[in-house]
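Residues per chain, in single letters:
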Amino acid sequence: MPEKDTLEKIADLFKGFADTTRVNILFLLAQEELCVTDIAEKVNLSQSAISHQLRLLKQMQLIKQRREGKNILYSLADDHVKTILQMGLEHVLEE
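The text that follows walks through the structure, step by step, so that each part is easy to find. The shown structure was predicted, so the numbers you read here are calculated from the model rather than taken from an experiment.

## Regarding helix H5 (residues 79-93)
Taking 1.5 Å of rise per residue, 15 residues should cover 21 Å, and H5 covers 21 Å from first to last C-alpha, within 8% of that figure. Its side-chain oxygen 2.9 Å from the backbone nitrogen of His80, Asp78 forms the N-cap of H5.

## Here's the deal with the pairing of strand E1 (residues 63-68)
Regular strands place side chains that alternate from one sheet face to the opposite one. Sheet topology places E1 next to strand E2 (residues 71-76); six bridges connect them, and they run antiparallel. Within the sheet, the bridge partner assigned to Ile63 lies in E2 and is Leu76. Linkage of E1 to E2, two consecutive antiparallel strands, is achieved through a turn of two residues, within which Gly69 is found at a positive phi near 65°.

## Topic: unusual backbone geometry
Of note, Asn44 is a non-glycine position whose phi angle comes to about 60°, a positive value. As for its placement among the helices and strands, Asn44 is situated in the loop between helix H3 (36-43) and helix H4 (47-59). The phi dihedral of Gln61 is positive, around 60°, even though this residue is not glycine. By secondary structure assignment, the location of Gln61 is in the loop between H4 and E1.

## Notes on the packing of aromatic side chains
This model, assessed by the stated rule, comprises one aromatic pair. Pairing Phe14 with Phe17 gives two aromatic rings, centres 6.3 Å apart and planes at 50°, and the pair type is tilted.

## Quick word on the environment of Lys64
Topologically, Lys64 is positioned in strand E1. Given the relative accessible area of 43%, Lys64 is considered partly exposed. Discounting residues that sit within four places of it in the chain, Lys64 has contacts with Leu73, Tyr74, Ser75, Leu76 and Ala77.

## Overview of the pattern of salt bridges
Scanning all chains against the criterion turns up four salt bridges. Between Lys9 and Asp5 there is a salt bridge, and its shortest N-O distance comes to 3.6 Å. On the criterion of helical spacing, the pair formed by Lys9 and Asp5 is a turn pair, its members being four residues apart in helix H1 (residues 4-15). Here Arg66 ties to Glu68 by a salt bridge, and the two come within 3.1 Å at their closest N and O atoms. Look at Arg66 and you get partly exposed, because its relative accessible area is 37%. The class for Glu68 is partly exposed, based on a relative accessible area of 46%. Among the charged side chains, a network of salt bridges with common partners joins Glu33, Arg66 and Glu68.

Definitions and limits used
- Residues numbered from 1 in each chain as written.
- Predicted model: local features only at pLDDT ≥ 70, side-chain atom pairs only at ≥ 80, totals over all residues.
- Heavy atoms only, no water.
- Helix = DSSP H or I, 4+ residues; strand = E, 2+ residues; numbered from the N terminus.
- Expected span 1.5 Å × (residues − 1).
- Polar contact = N/O pair within 3.5 Å; in protein donor to acceptor, adjacent residues only side chain to side chain.
- Pairing = 2+ DSSP bridges.
- Phe/Tyr/Trp six-rings, centres within 6.5 Å; stacked < 30°, edge-to-face > 60°.
- Buried < 20%, exposed > 50% of the residue type's maximum accessible area, 1.4 Å probe, protein only.
- Contact = heavy atoms within 4.5 Å.
- Salt bridge = Lys/Arg side-chain N within 4 Å of Asp/Glu carboxyl O.

Written out as structure tokens, the structure reads:
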């Protein structure tokens, strides 16, 4: 059985997936790197709202960012995040 600290970290990880907007952003970033403007356009929310969600996802270590000129591009932190998304999708689509 994992230690209590490890269990808390796992629970915190899944909090990142507990919001439809964040999950939508994660699925977008699983396909390509995007800037705030592009994400906001694709999910039909304000840049401010998207920036807030991106900040949370970054704190949860689910995404990373890199600067390209004046733009900041966001992507998934690693393949584990993509695997979790895919497994979640498969699970909910099972009949």
